[in-house]
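Chain by chain, the residues:
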Amino acid sequence: MKLELRGITKVFGPLVANDHIDLVVEPGEIHALLGENGAGKSTLMNVLYGLYDPDGGEILLDGEQVRFKGPGDAVAAGIGMVHQHFMLVPVFTVAESVALGYEPAGPGGVLDLDRARQRVTEISERFGFHVDPDALIEDLPVGVQQRVEIIKALSRDAKVLILDEPTAVLTPQETDELIGIMGELKEAGTSIVFITHKLREVRAVADKITVIRRGKVVGEASPSSTETELASMMVGRSVSLTVDKEPATPGGPAFVVEDLTVVSPAGNVLVDDISFEVRAGEILCIAGVQGNGQTELAEAILGLEEVDSGRMVLDGTELGGTGVRDRLRAGIGFVPEDRSTDGVISSFTIAENLVLDIYDTPDFARGVTMSPTKVAENAVRRADEFDVRYTDVQDPISTLSGGNAQKVVLAREMSRPLRLLVASQPTRGLDVGSIEFVHNRVVRERDKGTPCIIVSTELDEVLGLADRIAVMYRGRIVGVVDGADADRDMLGLMMAGVPLEDARRQAAEHHSVLGEADRAETPGAPAAAAETPHTPDPASPEERP
Amino acid sequence: MVKPLTESMVFSVPLILAGLGIAVGFRAGLFNIGAQGQIIVGAIVAAWLGFAFDLPPVVHLLVAILGGAIGGAVYGGIPGVLKARFGANEVIVTIMLNYIAVYLISFILRQPTFNPGRTGQRSPAVSADATYPLLIPEWLVPGNTFRLHWGFVVAVLATVFVWWLLERSTVGFEIRAVGANPKAARTAGMSVGRTTIITMVVAGALAGLAATGQVLGTEGSLTAGVAASYGFDAITVALLGRSRPWGTFFAGLLFGALKAGGFLMQSLTQTPIDIVLVVQSLIVLFIAAPPLVRTIFRLPAPSARPRSRRAVKEAAA
Ligand SMILES: Nc1ncnc2c1ncn2[C@@H]1O[C@H](COP(=O)(O)OP(=O)(O)OP(=O)(O)O)[C@@H](O)[C@H]1O
Ligand SMILES: [Mg+2]
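In this convention, every chain numbers its residues from 1, walking through the sequence in written order. A letter from A marks each chain and a number from 1 marks each ligand, given out in the order of writing. It should be noted that, the model being predicted, local features are given only for residues of pLDDT at least 70 and side-chain atom pairs only at 80 or more, the latter also being counted only at that level, while totals for whole chains, interfaces and linings use all residues. Only hydrogens and water are set aside; all other atoms, that is, all heavy atoms of the structure, feed into the side-chain values.

A. Looking closely at the packing of helix H9 (residues 230–240) of chain B against helix H10 (residues 245–269) of chain B. All names here are of chain B. Lines fitted to C-alpha atoms define the axes, with helix axes restricted to the stretch in contact, and inter-axis angles between N-to-C directions lie between 0 and 180 degrees. By the criteria applied, helices consist of DSSP H or I runs no shorter than four residues and strands consist of E runs no shorter than two, each listed in order from the N terminus. Taken N-terminus to C-terminus, the directions of H9 and H10 make an angle of 130°; their axes are 8 Å apart at the nearest point. The angle between the axes of H9 and H10 places the two elements in the oblique class. Between H9 and H10 lies a crossing of right-handed hand. Across from Tyr230, Asp233, Thr236, Val237, Ala238 and Leu240 in H9, the residues of H10 making contact are Thr248, Ala251, Gly252, Leu254, Phe255 and Lys259. What sets the label is the angle itself: under 35 degrees gives roughly parallel, over 145 gives roughly antiparallel, 65 to 115 gives roughly perpendicular, and the rest give oblique. Here is the rule for handedness: rotate from the far helix to the near one, and if that takes an anticlockwise turn smaller than a right angle the crossing is left-handed, while a clockwise turn gives right-handed. Residues are treated as being in contact if the distance between any of their heavy atoms lies within 4.5 Å.

Take a look at the structure:
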């Protein structure tokens, strides 16, 4: 189906989020939308999906003008969408989730789950999804949940599929699989609108690229453009895609973890007897495939997760026995992995979210009385400093774009005096310009002598930022590598559980395409996960020879 | 002409105060069904302090008011502690505590101190010192029969207090945060359990104040039916007021008027008082309807218009 958007305009109060946007998506085309945080990508897609009523412009499907009163109409017209923050009911099975909202009813109005189940199996098989229709959503990894969303869209015969930042929460492995699936869908004639901030993905899959800046289309780019070209087109200035930093000048051990063990209530060992130290003025990156205990480690450091044994010492003071608030007050800055559930309160204003964990300090409250003026002043200062694109700091944070909400969390956690920074996936959902900014801020924090722990599943981020890298696998630290002599292949192997020395040897013998690219230091590495059959597959160590 | 207005205000006092208590609970994500029980316990304490002691004027009233609030606070605090410590569901606990309170009051009204007339229905009258003075005194409007008392002023002050608590205090910040997203609140260092207890104590205290309006004002003594159905109507009032302090205040006034008018209507025109219930239900239905209708017909929510016209931060960067 050919999709055409003409002059789409969407206004939020004083803000023009979409300003006469034109977009044509041919049948069987993968069309990438690029743009800074807050450029208006999600808004445009929400208009297309019938969630927002446009203030101007028209939508044409196969040359015929359509008007959507709601997502129901859009779905009926053959448009499917996987949202930036997708929402599935955790206690439903896959088949139930797919049936939800269109409910294939049998005789007597009974929900025909068999048909839904059959549909899931059918679509699964056709596109190689490997999804069990009877699995519970809450038991599935995020990548599979996303596939359920895609199946849901396809089960309603979507001819145009909108994927809004689908890869932000995926592991590199899952991203590869998604890219494969997108290829299959394209073969089958489905048009795909693909939104991402990861330029290598765009170059790998897009047939056409449209760049949006501040609500306007600023141009088209060809998939053969380099990452640097794409980045500067997006942001409107040249962006450094690598982290500029001096070698670290670390001091003594500032934060020490000894024999830390965290066991889940169900009895699974999540963090398994871990010991490490972070020196003052050093960035330690914790790398690893999602779900290998990094989340629990970070939460244990803040005191959110109960520790079974072991101890943590910050600047000579034992952390054990103190609560979350004490640790925040002691100078720990904490960026949670999932901003929407742990980092912000969506109904609170931007200003309130910027003081979420310091609201009762003397800066903002006298006794128990808070000062709204000071909270607002602080918000304007922080938001400007971190380039948050907002309309009014008294608007609910839910009106911010995904990346801008993330910047609010970073601004809150990184703008007070810190003695330890623990940031998980700090740049998730950020555009290249903001990533550059945040990385520079982390380096600046380091240079002030703060020990920094960055948990990241992005190898690029880890390689760019780290002074030392600890790789976690199944709750243990497989090895700690110096940032300077780490390479992609070696880390990939370690993330699959291969011990340090073996990984070093194997990586030296056998380079993947991406690893080669790093070595050659070509600007804008010819990167395409889909084209790298030799990339170590961290998620399935069993399959390795 | 004025009497219907003042009567409406009289009926609105317990509705506003108990409604505020429910509203505070809603904001913390707690569904407190226990206003009924909290009113009863507050009423028992306030009445006892009111008739069994002899204190100087003003002081006596203040002591009785405070006692009523504390009685309600303690009774509201119980489900709070149970939830915070053991994860007990506050809906179930408060419902059970309502039953306990109902039997408690009929037991207490049979005790000699509370039951000199041996009717088991009514305690001795609260001493004049411990009674809310009438708001419109005889010398201002001679010969008036208005029953409106200072309890209404307490309701106004409580509304201001709750507004301050929720919108301006650190405690309210915690209450709202815990109510909206307990996980994020915990990550920000707030104690969900502590906030739950504080919220339930405040809610109970407000219900206790509602009780003082009855025993120290409108009724003048403790009766078996002191709570009437105020504790449950208060839930509707808080819903109608969308859990906002002033919204609850005006919803309380409206429901007070319906109650006052209902009695009058029945005696004058024989219209069954149940019609009031029907009207109340319809109001709630229509208030709750927009989201409901949107869900049923899958209409998009009207997009939020930012309040301020401040220019977009376009110039930066
Ligand atoms: N419901 C809303 N009310 C007010 N403003 C909104 C609303 N939704 C979005 N906006 C504003 O519109 C602009 C565009 O937002 P949008 O979510 O489309 O950005 P985006 O391009 O998807 O960014 P990101 O890459 O960060 O997800 C932002 O400035 C945002 O603050
Ligand atoms: Mg977006």
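B. Looking closely at helix H1 (residues 2–27) of chain B. Residue and element names in this part refer to chain B. With 26 residues, H1 should reach 38 Å at 1.5 Å per residue; the first-to-last C-alpha distance of 36 Å fits that figure. Three exposure classes are used, based on accessible area relative to the maximum for each residue type with a 1.4 Å probe and protein chains only: buried under 20%, partly exposed in between, and exposed over 50%. The buried fraction of H1 amounts to 20 of the 26 residues, a majority that puts the element mostly inside the structure. Note on H1: the residue one or two positions beyond its end, Gly29, has a positive phi of about 75°. What a helix is expected to span follows from its residue count: subtract one and scale by 1.5 Å.

C. Structural detail: the site of ligand 1. Residues and elements named next belong to chain A. For ligand 1, the set of nearby residues contains 21 residues, the closest of which are Gly38, Ser42, Thr43, Ser401 and Gly403. Whenever a nitrogen or oxygen atom comes within 3.5 Å of another N or O atom, the pair is scored as a polar contact, on the condition that within protein one atom can donate a hydrogen and the other can accept it, and that pairs from neighbouring residues in sequence are kept only if both atoms are in side chains. The side chain of Ser42 places a nitrogen or oxygen atom 2.7 Å from an oxygen atom of ligand 1. One of the side-chain nitrogen or oxygen atoms of Glu165 is found 3.3 Å away from an oxygen atom of ligand 1. Those elements that provide at least two residues to the shell around ligand 1 are strand S2 (15–25), helix H1 (41–48) and helix H14 (402–414). Among the elements that line the shell around ligand 1, the one with the most residues is H1, at 3 residues. Proximity is defined per residue: if any heavy atom of the residue lies within 4 Å of a molecule or strand, that residue is considered near it.

D. View of the packing of helix H5 (residues 151–168) of chain B against H10(B). All names here are of chain B. Closest axis-to-axis distance for the H5/H10 pair is 8 Å, and the angle between their directions is 155°. Taken as axis vectors, H5 and H10 run roughly antiparallel relative to one another. Note on element contacts: H10 touches H5 through Pro245, Trp246, Phe249 and Leu253, opposite Phe152, Val156, Thr159, Val160, Val162, Trp163 and Leu166. The residue inventory of the contact of H5 with H10, partitioned by class, reads 10 nonpolar, 1 polar and no charged. Under the scheme applied here, ten amino acids are nonpolar (Ala, Val, Leu, Ile, Met, Phe, Trp, Tyr, Cys and Pro), four are charged (Asp, Glu, Lys and Arg), and all others, including Gly, are polar.

E. Looking closely at the environment of B:Ile100. Within the secondary structure, B:Ile100 sits in helix H4 (residues 90–108). Distance from B:Ile100 to B:Gly37, taken between C-alpha atoms, is 7.7 Å for residues 63 residues apart in sequence.

F. Quick look at the pattern of salt bridges. One side-chain nitrogen of Lys or Arg within 4 Å of one carboxyl oxygen of Asp or Glu is enough to make a salt bridge. On inspection of all chains with the given rule, the structure shows 45 salt bridges over all chains. Between A:Arg6 and A:Glu58 there is a salt bridge; the shortest N-O distance is 3.3 Å. With A:Arg6 in strand S1 (residues 3–12) and A:Glu58 in strand S4 (residues 56–61), the pair connects residues that are 52 residues apart, well separated along the chain. When its relative accessible area of 25% is taken as the criterion, A:Glu58 is described as partly exposed. A salt bridge links A:Asp114 to A:Arg117; the shortest N-O distance between them is 2.8 Å. With A:Asp114 and A:Arg117 both in helix H4 (residues 113–127) and 3 residues apart, the pair spans about one turn of that helix. Residue classification places A:Asp114 among the exposed positions, given a relative accessible area of 51%. Given a relative accessible area of 28%, A:Arg117 falls into the partly exposed group. Three or more residues are tied together by salt bridges with common partners; here these are A:Arg325, A:Arg329, A:Asp360, B:Glu174 and B:Arg194.

By themselves these figures say nothing about function.
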